[in-house]
Amino acid sequence: MKRLLSLLFLICVLSPASLRAGETFEKFKLQATYHAYWAGFVVSTITSEVYLAKDSYKVMVSYQTRGLLSFFSKAESTTYAKGLIDKEGYLLPLVYKKQGHWGDTHYKHVLEREPGSGEPLTIGIYNEDKKWVREPVPEKFWNYVDPMTYMLNLFTENRANIQTLGKDKKYVSEPVFDGSAAVEYSYNCPTVEKLPKNRKSLYEGDAIVCEFTEKLLSGKIRGKREYEDKKESSEPQMFKLWVVPWKDLPFVIPVKSEFSTGWGTVNVYLSQLDLEVFVDEDEASADRKDENDKADNDNQGRKEFLDGNL
């Protein structure tokens, strides 16, 4: 359960695509907030921040439990990733960090890479609760990208896979390594669904429905664990994700997620979105507008997003 929640919150990263020479976008900055609901009650808040330039990226996702869930088990976590982007648009991860607590147990994961080769320089795993220790991951998995970078690339460079509808269009990832485990993702996006107006959600309108499965390849949990943790180690984890292309910009935005737990279905909704797009300096100076015009454009952009983009 803990790993599935962490994966889902990583998926809530909203990120623009890597940029190639000749494109006019200089950089993007984005902030988004999601709320997770169980049985109609808010059980957690997720926030994400993304910065993307032509040659680098940074992503941070944080979550904390709220309401009924925090009454049974308080948890907070922050995941951070940064890297470079080469001239061909490939994302080259440098740092992946995750730290927080689940109940009274604190943990911290650090994965640092050599800028040129991508070879791991540091793989540091600290868990106060020895029940969280996993079996060692073989070295053959160490050079694969972290979950944050994988999802960033999926919603940007590989977004065409998401926008290619059909039940037979199934995609399987290369291994993904976070320092403590290696996993494989498979997904397909068979349909478009109209999301109705909902007080919990910022978005209403058409969205692409994607079905994901996470399979553990290496890093099985050691020792005795509670039922949900044993289940996590032996069975693929599944969830659904609704995404929306943002007009002519090169990325898709997750607006809703759904997954099952031992205590019921959890739905996650986008509740706040702030996006800034910066263009090249020459084009910006040639087409500069005053602050009032900018505010009007921002409001119009938000209205168009709410009206749907498919």
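Bear in mind the structure is a predicted one, so any value in this text is a computation, not a measurement.

Trainee: So what about the packing of aromatic side chains? Which residues, and what values?
Mentor: Under the definition given, this model contains 5 aromatic pairs. Considering the side-chain rings of Phe 212 and Phe 239, the 5.1 Å spacing of their centres and the 5° angle between planes classify their relative orientation as stacked. Of this pair, Phe 212 sits in strand E11 (residues 205-218) while Phe 239 sits in strand E12 (residues 237-245), and the two are 27 residues apart along the sequence. Its relative accessible area of 4% is what places Phe 239 among the buried residues. Clustering of aromatic rings is evident, with ring pairs tying together Tyr 171, Tyr 187, Phe 212 and Phe 239. Its end group placed over the ring of Trp 242, Lys 256 keeps NZ or CZ at 4.4 Å from the ring centre.

Trainee: Could you give an account of the environment of Val 176, with specific residues and numbers?
Mentor: Positionally, Val 176 belongs in strand E9 (residues 176-177). Between the alpha carbons of Val 176 and Leu 216 there is a distance of 9.7 Å; along the sequence they are 40 residues apart. Apart from the residues within four sequence positions on either side, Val 176 is in contact with Val 145, Asp 146, Pro 147, Tyr 150, Ala 181, Ala 182, Val 183 and Tyr 185.

Trainee: Mind laying out the nonpolar core, listing which residues take part and the relevant values?
Mentor: The biggest cluster of nonpolar side chains holds 59 residues, and the ones touching the most others in it are Leu 154, Ile 162, Val 243, Val 255 and Leu 270. For this core, the element with the highest residue contribution is strand E10 (residues 182-195), accounting for 6 residues. With residues near it in sequence (within four places) discarded, Ile 162 still touches Leu 154, Phe 155, Tyr 187, Cys 189, Ile 208, Cys 210, Val 243 and Val 252.

Trainee: Any details on the environment of Lys 220? Residues and values, ideally.
Mentor: With respect to the helices and strands, Lys 220 occurs in the loop between E11 and helix H5 (227-234). Given a relative accessible area of 44%, Lys 220 falls into the partly exposed group. Measuring from C-alpha to C-alpha, the distance between Lys 220 and Pro 136 comes to 8.3 Å, with 84 residues separating the pair along the chain.

Trainee: Tell me about the confidence of the model for the protein, residues and numbers included.
Mentor: For the protein, the mean per-residue pLDDT works out to 78, and 74% of the residues sit at or above 70. pLDDT under 50 marks residues 282-288. Its contacts with residues more than four places away, or in other chains, come to 3 contacts.

Trainee: How would you summarise the state of the cysteines if you had to cite specific residues and measurements?
Mentor: Here the structure, examined in full by the defined rule, presents 1 disulfide. Through a disulfide, Cys 189 is tied to Cys 210; the S-S separation comes to 2.1 Å. Residues Cys 189 and Cys 210 share a disulfide whose torsion about the S-S bond is about 105°; that sign makes it right-handed. Separated by 21 residues along the polypeptide, Cys 189 in strand E10 and Cys 210 in strand E11 bring together distant segments of the chain. For the pair shown, Cys 189 and Cys 210 are each scored as buried.

Trainee: Give a description of the side chain of His 109 that names residues and reports values.
Mentor: Tracing the backbone shows His 109 in strand E6 (residues 105-113). Overall, His 109 belongs to the buried group, its relative accessible area being 10%. Each residue touching His 109, except ones within four places of it in the same chain, is listed here: Tyr 96, Lys 97, Lys 98, Gly 124, Ile 125, Asn 127 and Ser 180.

Trainee: How would you sum up a nonpolar patch on the surface? Please name residues and give values.
Mentor: The grouping of Phe 41, Leu 68 and Phe 72 at the surface amounts to a nonpolar patch, some 340 Å² of accessible area in total. Positionally, Leu 68 belongs in helix H2 (residues 67-72). Overall, Leu 68 belongs to the partly exposed group, its relative accessible area being 35%.

Trainee: Which residues make up a positive patch on the surface, and what are the values?
Mentor: A cluster of like positive charges, contributed by Lys 58, Lys 82, Lys 97 and Lys 108, occupies part of the molecular surface. You can see Lys 82 is positioned in strand E4 (residues 75-85).

Trainee: Hey, could you go over the pairing of strand E13 (residues 252-261) for me, with residue numbers and the actual values?
Mentor: For E13, a buried count of 8 out of 10 residues is recorded, marking the element as mostly surrounded by other parts of the structure. In this structure, E12 lies alongside E13, joined through 7 bridges in antiparallel fashion. Residue Pro 245 lies in a different strand from E13, and its bridge partner there is Val 252.

Trainee: For unusual backbone geometry, give the residues involved together with the corresponding values.
Mentor: In the Ramachandran plot, Ala 39 falls in the positive-phi region, its phi being about 55° despite a non-glycine side chain. Take Ala 39: it is sitting in the loop between strand E1 (25-38) and strand E2 (41-53). Looking at Ala 39, the relative accessible area reads 53%, which means it is exposed.

Trainee: For the environment of Arg 134, give the residues involved together with the corresponding values.
Mentor: Turning to its location among the elements, Arg 134 is positioned in the loop between strand E7 (120-127) and helix H3 (147-154). The exposure class assigned to Arg 134 is buried, which follows from its relative accessible area of 17%.

Trainee: Residues and numbers for the pairing of E12, please.
Mentor: Of all 9 residues that make up E12, 7 are buried, and the element is covered over most of its length. Sheet topology places E11 next to E12; 7 bridges connect them, and they run antiparallel. Bridge assignment links Val 209 to a residue of E12, and that residue is Trp 242.

So, how was this worked out
Residues numbered from 1 in each chain as written. Predicted model: local features only at pLDDT ≥ 70, side-chain atom pairs only at ≥ 80, totals over all residues. Heavy atoms only, no water. Phe/Tyr/Trp six-rings, centres within 6.5 Å; stacked < 30°, edge-to-face > 60°. Helix = DSSP H or I, 4+ residues; strand = E, 2+ residues; numbered from the N terminus. Buried < 20%, exposed > 50% of the residue type's maximum accessible area, 1.4 Å probe, protein only. Lys NZ or Arg CZ within 6 Å of the ring centre and 35° of its normal. Contact = heavy atoms within 4.5 Å. Core = buried A, V, L, I, M, F, W, Y, C linked by side-chain atoms within 4.5 Å. pLDDT = per-residue confidence, 0-100. Disulfide = S-S within 2.5 Å. Patch = residues over 30% accessible without salt bridge, like charges linked within 9 Å, V, L, I, M, F, W, Y side chains within 5 Å. Areas by Shrake-Rupley, 256 points an atom, 1.4 Å probe, with all protein chains shown as cover. Salt bridge = Lys/Arg side-chain N within 4 Å of Asp/Glu carboxyl O. Lys, Arg positive; Asp, Glu negative; His and termini not counted. Charge placed at Lys NZ, Arg CZ, Asp CG, Glu CD. Pairing = 2+ DSSP bridges.

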